[in-house]
Amino acid sequence: MRDQPSQPAIVKTPAAVVSDVHLGSPHCRQGEFLRFLDSFHEPVTLVFAGDTVDRPESSWLKPSDQSVLDRLASHPLITPVFIRGNHDETCSWFERNMFPMVSEVRIPAVGMLVCHGDDFQIVRGHHRLFVFLFNGLHRMRIRLGAPPVHVAEYAKHWSLFYRALRRIVRENAADYALQEGAKAIACGHVHFAEDTMVKGIRYVNTGCWTEPDPHYLMIRDGVVELKVWERE
């Protein structure tokens, strides 16, 4: 199970949570995300639950990606908090703008933890072999000219495997929340938005911003609601 986090952050409400924006990826929906940022009309803490940047160095980002980061740094109503994901380990933009990466966020007002979720993907045995083969197959099909889709979106075509990975993350996340005395836990990582109960814990996954119908979690006045941005 996951080690005790070294850098948790405490967040007050109102707060919003997004995950897996993947700036720098050709699949990132930058324009929609900029409109989402400008939809806030009150002060809010915006928690990025990992994989904000798809590549390790912000100097590689296109102007359209960089404009999202610049807007975050100057937005008058948004206070961003960034959780470290498995993609954005060393993006220099965060250091330059004095936004430290944290391992997790705690929102005491609703008893919620927020993590990226990669630590909960504990794959063993034949599942580990399948992950290795699957990643290799995805890279090969792209090189051979197949339509480029994000690896997580491609994984959804392998429904049994994908459901198994989601279940592993859900159950391990719920175990961690129980261990920490939390009522709820929000994650990203698996690129699948859902809101369900697991072992008496409310488990929310905020999905991703690399596919249609991106989601976000809104926490205001004690209410926690998973919303679809495109349906606003």
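On a predicted model such as this, the values are computed, not experimentally measured, just so you know.

## Quick notes on the overall build of the chain
For step 1, the next point in the chain: When you go through the chain residue by residue, the secondary structure sums to six helices and twelve strands.
For step 2, the next point in the chain: When the 232 residues of the chain are sorted by exposure, 52% land in the buried category.
For step 3, the next point in the chain: In the chain, the proportion of contacts linking residues at least 24 apart, taken out of those at least 6 apart, comes to 70%.
For step 4, the next point in the chain: For the chain, the accessible surface area stands at approximately 11,000 Å², while carbon and sulfur atoms represent 54% of it.

## Points about helix H1 (residues 30-37)
For step 1, the next point in the chain: Looking only at H1, the buried set comprises Gln30, Glu32, Phe33, Phe36 and Leu37. Across the axial projection of H1, the buried residues extend over an arc of 160 degrees, all falling on one side.
For step 2, the next point in the chain: The inward-facing, buried residues of H1 contact strand E2 (15-18), strand E3 (44-48), helix H2 (63-74), strand E4 (78-83) and strand E11 (215-220).

## Focus on H2
For step 1, the next point in the chain: Counted at 1.5 Å a residue, the expected span for H2 with its twelve residues is 16 Å, and the 16 Å between its end C-alpha atoms agrees.
For step 2, the next point in the chain: Residues of H2 that are buried include every one of Asp65, Gln66, Val68, Leu69 and Leu72, and no others. Summarising the axial view, the buried residues of H2 lie within an arc of 150 degrees, below the 170-degree limit, and thus occupy one face.

## Describing the sheet that holds strand E1 (residues 8-10)
For step 1, the next point in the chain: An order of E1-E6-E7-E8-E10-E9 is seen for the six strands of this open sheet, with the pairing classed as mixed. The outermost strands of the open sheet, each flanked by one partner alone, are E1 and strand E9 (193-198). Adjacent strand axes in the sheet meet at a mean angle of 20 degrees, parallel and antiparallel pairs treated alike.
For step 2, the next point in the chain: Pairing between strand E7 (residues 112-114) and strand E8 (residues 184-187): three bridges, direction parallel. Directly across from Met112, in E8, lies its bridge partner Ala184.

Definitions and limits used
- Residues numbered from 1 in each chain as written.
- Predicted model: local features only at pLDDT ≥ 70, side-chain atom pairs only at ≥ 80, totals over all residues.
- Heavy atoms only, no water.
- Helix = DSSP H or I, 4+ residues; strand = E, 2+ residues; numbered from the N terminus.
- Buried < 20%, exposed > 50% of the residue type's maximum accessible area, 1.4 Å probe, protein only.
- Contact = heavy atoms within 4.5 Å.
- Areas by Shrake-Rupley, 256 points an atom, 1.4 Å probe, with all protein chains shown as cover.
- Arc of directions from axis to C-beta.
- Expected span 1.5 Å × (residues − 1).
- Pairing = 2+ DSSP bridges.
- Axes fitted to C-alpha atoms, helices over the stretch in contact; angles between N-to-C directions.

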